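# Breakdown of the fold
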Amino acid sequence: IQRWPMTDLTPYLPQLAVAWTAYFIATASPGPAIIAIIATSISQGRRDGLTLASGVLTGSYIWAILTASGLSALIRTYGEAIIVLKIVGGCYLLWLAWNAFRAARRSEEVYRAQMAALPALSPRRQYLKGLGIHITNPKAIFNWIMLTSLGMPPGAPGGVMATFIAGCMAIGVCVFLGFALVFSLGPVHRAYLKARRAIEGVMAAFFAFAG
């Protein structure tokens, strides 16, 4: 039986630990994805929050795989691609800002009546919303390029990249799904209803600034 050589990760663990720490900080820091997960979880419940978070998670790992496959070299060769991506991502964030601004203007009576009459987004649409938020965010690309340079020293074997991405996947599950679970709790939901208009206003401002 042929045995494939195992990669000795010991020499790379300190560098991987730094990259994983940077990934945790980058994912847990407030951004379009985290804000959307929090808002969805507290306003629409656990299922919708987890579904949207799963879409965000998928977008994160799409960029991880593309970066590991040489996306940074492609961007350096075709700089126009990142300009197009910035325009698309900016327009999407501005559209989210407009929706949040409209929600902030609604009175409590109008909001409750509209929420009661509004059909819930299907899991597929929630998932695609989360995917769209993250896949059109140019910051995510540069974060992954930065993280790859931290976690992959020159000449490192492929097993190091696989270990790095696997660690990031575990951290991403804990962060993105953790936010959805925490902010879907009953007390948090009731607190949201009391401060809904202020929260929606902050969301609108943040998405507009990010866009």
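Cut-offs used in this document
- Numbering of residues starts from 1 in each chain and follows the order in which that chain's sequence is written.
- Local features are withheld for residues below a pLDDT of 70 in this predicted model, meaning they are given only at 70 or higher, and side-chain atom pairs are given and counted only at 80 or more; totals for whole chains, interfaces and linings count all residues.
- The basis for the side-chain values is all heavy atoms of the structure; hydrogens and waters are excluded.
- We define a nonpolar core as any set of buried Ala, Val, Leu, Ile, Met, Phe, Trp, Tyr and Cys residues linked to one another through side-chain atoms lying within 4.5 Å.
- Note on classification: 1.4 Å probe, protein chains only; a residue is buried when its accessible area is under 20% of the maximum for its type, exposed when over 50%, partly exposed between these limits.
- Each helix corresponds to a stretch of at least 4 residues labelled H or I by DSSP, and each strand to a stretch of at least 2 residues labelled E; elements are numbered beginning at the N terminus.
- Note on contacts: a residue pair qualifies if any of its non-hydrogen atoms lie within 4.5 Å across the two residues.
- Every angle, taken between N-to-C directions, lies between 0 and 180 degrees, and every axis is a line fitted to C-alpha atoms, over only the stretch in contact when it is a helix.
- Here the word oblique covers every angle except those under 35 degrees (roughly parallel), over 145 (roughly antiparallel) and from 65 to 115 (roughly perpendicular).
- Left-handed describes a crossing whose near helix is turned anticlockwise from the far helix by less than a right angle; the clockwise case is right-handed.
- Under the scheme applied here, ten amino acids are nonpolar (Ala, Val, Leu, Ile, Met, Phe, Trp, Tyr, Cys and Pro), four are charged (Asp, Glu, Lys and Arg), and all others, including Gly, are polar.
- Here a salt bridge means any side-chain nitrogen of Lys or Arg lying within 4 Å of a carboxyl oxygen belonging to Asp or Glu.
- Expected helix span is taken as 1.5 Å per residue step, with the number of steps being one fewer than the number of residues.

## Some words on the nonpolar core
Ranked by internal contacts, the top residues of the largest apolar core, which has 42 residues, are Tyr23, Ile37, Trp144, Phe164, Phe176 and Phe207. Ranked by the residues each element gives to this core, the list is headed by helix H9 (residues 158-182), at 9 residues. Contacts of Phe176, omitting those with residues within four sequence positions, involve Tyr23, Thr27, Ile34, Ile37, Ala53, Val56 and Leu57.

## A word on the packing of helix H3 (residues 46-68) against helix H7 (residues 123-135)
In the contact formed by H3 and H7, the axes pass within 7 Å of each other and the chain directions differ by 40 degrees. As judged from the angle between their axes, H3 and H7 are oblique. For the crossing formed where H3 meets H7, the hand is right-handed. When H3 is examined against H7, the residues Arg47, Asp48, Thr51, Leu52, Ser54, Gly55, Val56, Thr58, Gly59, Ser60, Ile62 and Trp63 are found in contact with a partner set consisting of Pro123, Gln126, Tyr127, Lys129, Gly130, Leu131, His134 and Ile135. Across the contact of H3 with H7, the residue classes tally to 8 nonpolar, 9 polar and 3 charged.

## A short note on the pattern of salt bridges
Pairs may arise between side chains of opposite charge once their charged atoms sit close together. As enumerated under the stated definition, the model contains 1 salt bridge in all. For Arg47, the salt bridge goes to Asp48, with nearest N and O atoms at 3.9 Å.

## Examining helix H2 (residues 32-44)
In this model H2 runs 17 Å from its N-terminal to its C-terminal C-alpha over 13 residues, within 8% of the 18 Å that 1.5 Å per residue would give. Most of H2 sits out of view: 12 of its 13 residues are buried. All of the buried residues in H2 are Pro32, Ala33, Ile34, Ile35, Ala36, Ile37, Ile38, Ala39, Thr40, Ser41, Ile42 and Ser43. With its phi angle positive at about 110 degrees, Gly45 sits one or two positions after the end of H2.

## Focus on the side chain of Ser60
Locating Ser60 in the fold gives a position in helix H3. Residue classification places Ser60 among the buried residues on the basis of a relative accessible area of 1%. Apart from residues lying up to four places away in sequence, Ser60 is in contact with Tyr23, His134 and Trp144.

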